[in-house]
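# Chains, contacts and geometry: an overview
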Amino acid sequence: MPYSALLYLLLGALALSTGCSSTPLANYEELDSLSMVSAEFSGDSERALVDAENKHEAALNANMTFYAPFHMAQAEQMLTNARGLELNGLQEESLKASAQVIMLLRGATENKNKVEQTLTPLLQQKQVLETLNSPIILPNQFNQQMAKIKELIINIETNKKPLSMGILLDIMADLQQLELDTLLTTHWLPANNTLEKARAENAEKFAPNSFIKAINSVNNAETFIRNNISNREAIKREGFQALRTAQHALYIARDAELLVGLTHQTAETVILGIEDLLAKISRALNMDSVTHMALTDQANAIAQAAETQRSRLMAPLQTRISQLEKQLELLMTEKKEISKE
């Protein structure tokens, strides 16, 4: 989110928060509206209890505990009281308790609306992090940031004190940093870990060229991610390319180290193993044996055969595509002629 837009939204949030009164949670027993809620059920305490239970279940499903934890805690306690009173035959008291539950849940909804207006940028960033799987990828860091947001929500719910712009901006900056950290962990860290493994296995010695390419690729991927945080698809491609380059350096180094220590006999075994792999490919292409050639010539012959077969297979397909394109062009022409009529 652009800084100017973020600042505008947070200024609006600050205005909303400073407009709140400094009163504690309402004592719903003193509210006239409590009597009105009770009257809705015409003395039917059982119906009131069922309605309170249904509304409480709906509030839980709407994640109201996140948006109004105090209201929800009070509502749950009062609902437990209402159930006990109903079981003991104290219908008037049960009706009153159920009405209190309903009032508390209404208050929770009001607080949710206030939270969504006041903390809009933070909640939007929270959704971004959840989309990136930050709760799974970096659970400790995510939980730390959610604790900060929950503290703000409690502050709004209890009207303790006005929110400051500095606090909102600091939390937003932390959330955006967590977004970057999540992207780096997902798309850059696997490549960097592979690069470090290659370094530990002396890739710099046994595969210097491949190792340098891997270093550059991994460094470039990190720089790209930091500078293009919103370009998710490009970040994915850069990270994947860096990983493949690092893997290439690792495996080339391993193979090179193996070759360095070969004796004449083991060298022949390795060459015959490679030749066997080439033979499997040639058989799959229905080629005659090419083992009378040097390994490089065998590979070139197999590549040429594969290209020839690909061209032979593609030719009928290209012809069919051309035919369909002509048919489509004809249909479009006929459609235009009909529309003119």
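What counts and how
Sequence order sets the numbering: in each chain, residues are counted from 1 along the sequence as written. Confidence filtering applies because this is a predicted model: local features only for residues at pLDDT of at least 70, side-chain atom pairs given and counted only at 80 or more, and all residues used for totals across whole chains, interfaces and linings. Water and hydrogen atoms were dropped before computing side-chain values, which therefore reflect all heavy atoms in the structure. The secondary structure listing takes helices from DSSP runs of H or I that are at least 4 residues long and strands from runs of E that are at least 2 residues long, numbered from the N terminus. Think of it in three bands: with a 1.4 Å probe and only protein chains considered, a residue is buried below 20% of the maximum accessible area for its type, exposed above 50%, and partly exposed in between. Using a 1.4 Å probe, the Shrake-Rupley method yields the accessible areas, and only the shown protein chains count as cover for residues. Every axis corresponds to a line fitted to the C-alpha atoms, with the helix fit spanning only the stretch in contact, and the corresponding angles, defined between N-to-C directions, vary from 0 to 180 degrees. Oblique is the label for any angle not covered by the other classes, which are roughly parallel (under 35 degrees), roughly antiparallel (over 145) and roughly perpendicular (65 to 115). Whether two residues are in contact is decided by their heavy atoms: any pair within 4.5 Å suffices. We call Asp, Glu, Lys and Arg charged. Ala, Val, Leu, Ile, Met, Phe, Trp, Tyr, Cys and Pro are nonpolar, and the rest, Gly among them, are polar. For any pair of crossing helices, the crossing counts as left-handed if the nearer helix is rotated counterclockwise from the farther one by less than a right angle, and right-handed if it is rotated clockwise. Put simply, a nonpolar core is a bunch of buried Ala, Val, Leu, Ile, Met, Phe, Trp, Tyr and Cys residues held in one set by side-chain atoms that sit within 4.5 Å of each other. pLDDT expresses, on a scale from 0 to 100, how confident the predictor is about each individual residue. Stacked, edge-to-face and tilted are the three classes for Phe, Tyr and Trp ring pairs, Trp counted by its six-membered ring, which pair at centre distances within 6.5 Å; planes under 30 degrees apart are stacked, over 60 edge-to-face, the rest tilted. Only when the NZ of Lys or the CZ of Arg is both within 6 Å of the ring centre and within 35 degrees of the ring normal is a charge said to sit over the ring. How far a helix is expected to stretch is found by multiplying one less than its residue total by 1.5 Å.

Our next topic: the overall build of the protein. Scanning the protein from terminus to terminus reveals 16 helices and zero strands. Counting only residues that meet the buried cut, the protein has 33% of its 341 residues in that class. Of the roughly 21000 Å² that the protein leaves accessible, carbon and sulfur atoms contribute 54%.

In this section: the packing of helix H10 (residues 165–187) against helix H14 (residues 232–260). Here H10 crosses H14 at 40°, and the two axes come no closer than 9 Å. When the interaxial angle is binned, H10 and H14 end up oblique. On the side of H10, the interface is formed by Glu179, Leu183 and His187, while H14 contributes Arg232, Ile235, Lys236 and Gly239. Residue classes in the contact of H10 with H14 are distributed as two nonpolar, two polar and three charged.

So, on to the packing of helix H6 (residues 91–118) against helix H9 (residues 139–158). H9 packs onto H6 with a crossing angle of 125° between their chain directions and a minimal axis gap of 10 Å. The angle between the axes of H6 and H9 places the two elements in the oblique class. With respect to the hand of their crossing, H6 and H9 are arranged in right-handed fashion. Packed against H6, whose contacting residues are Asn111, Lys114, Val115 and Thr118, the element H9 presents Ile153, Ile156 and Glu157 at the interface. Split by residue class, the contact of H6 with H9 holds three nonpolar, two polar and two charged.

This brings us to the nonpolar core. One finds Trp188, Leu195, Val218 and Ile225 to be the most contacted residues of the largest nonpolar core, which totals 24 residues. For this core, the secondary structure elements donating two or more residues are H10, helix H11 (189–200), helix H12 (203–206), helix H13 (208–227) and H14. Take this core: its biggest share by element is eight residues, from H14. Not counting the four nearest positions on each side in its chain, valine 218 is found in contact with Trp188, Ala191, Asn192, Leu195, Ala242 and Ala246. One finds Leu119, Leu138, Leu152 and Ile171 within the second-largest nonpolar core, a separate group that totals 20 residues.

Turning our eyes to something else, we now look at unusual backbone geometry. Its identity is not glycine, yet asparagine 202 carries a phi of approximately 65°, on the positive side. You can see asparagine 202 is positioned in the loop between H11 and H12. In this structure asparagine 202 comes out as partly exposed when scored by relative accessible area, which is 40%. Even without glycine at this site, asparagine 286 takes up a positive phi of about 60°. Position of asparagine 286 among the secondary structure elements: in the loop between helix H15 (264–284) and helix H16 (295–340).

In this model, the protein carries a mean pLDDT of 83, and residues with pLDDT of at least 70 account for 84%. Overall, residues 3–32 carries pLDDT values under 50, and its contacts beyond four positions in sequence, including any with other chains, amount to 46 contacts.

Time to look at the packing of aromatic side chains. Summed over all chains, the structure comprises one aromatic pair. With a centroid separation of 5.1 Å and 90° between ring planes, the pair formed by phenylalanine 66 and tyrosine 67 is classed as edge-to-face. The ring of tyrosine 67 is capped by lysine 112, whose NZ or CZ atom sits 5.0 Å from the centre of that ring. Stacked on the ring of phenylalanine 66, the Lys or Arg lysine 126 has its end atom at 4.9 Å from the ring centre.

Here the focus is H14. In an α-helix there are 3.6 residues to a turn, and that puts residues three or four apart on one side. When the terminal C-alpha atoms of H14 are compared, their 42 Å separation across 29 residues agrees well with the 42 Å that a helix rising 1.5 Å per residue should span. Of all the residues in H14, the buried ones are Ala234, Ile235, Gly239, Ala242, Leu243, Thr245, Ala246, Ala249, Leu250, Ala253 and Ala256. Buried positions along H14 lie against H10, H11, H12 and H13.

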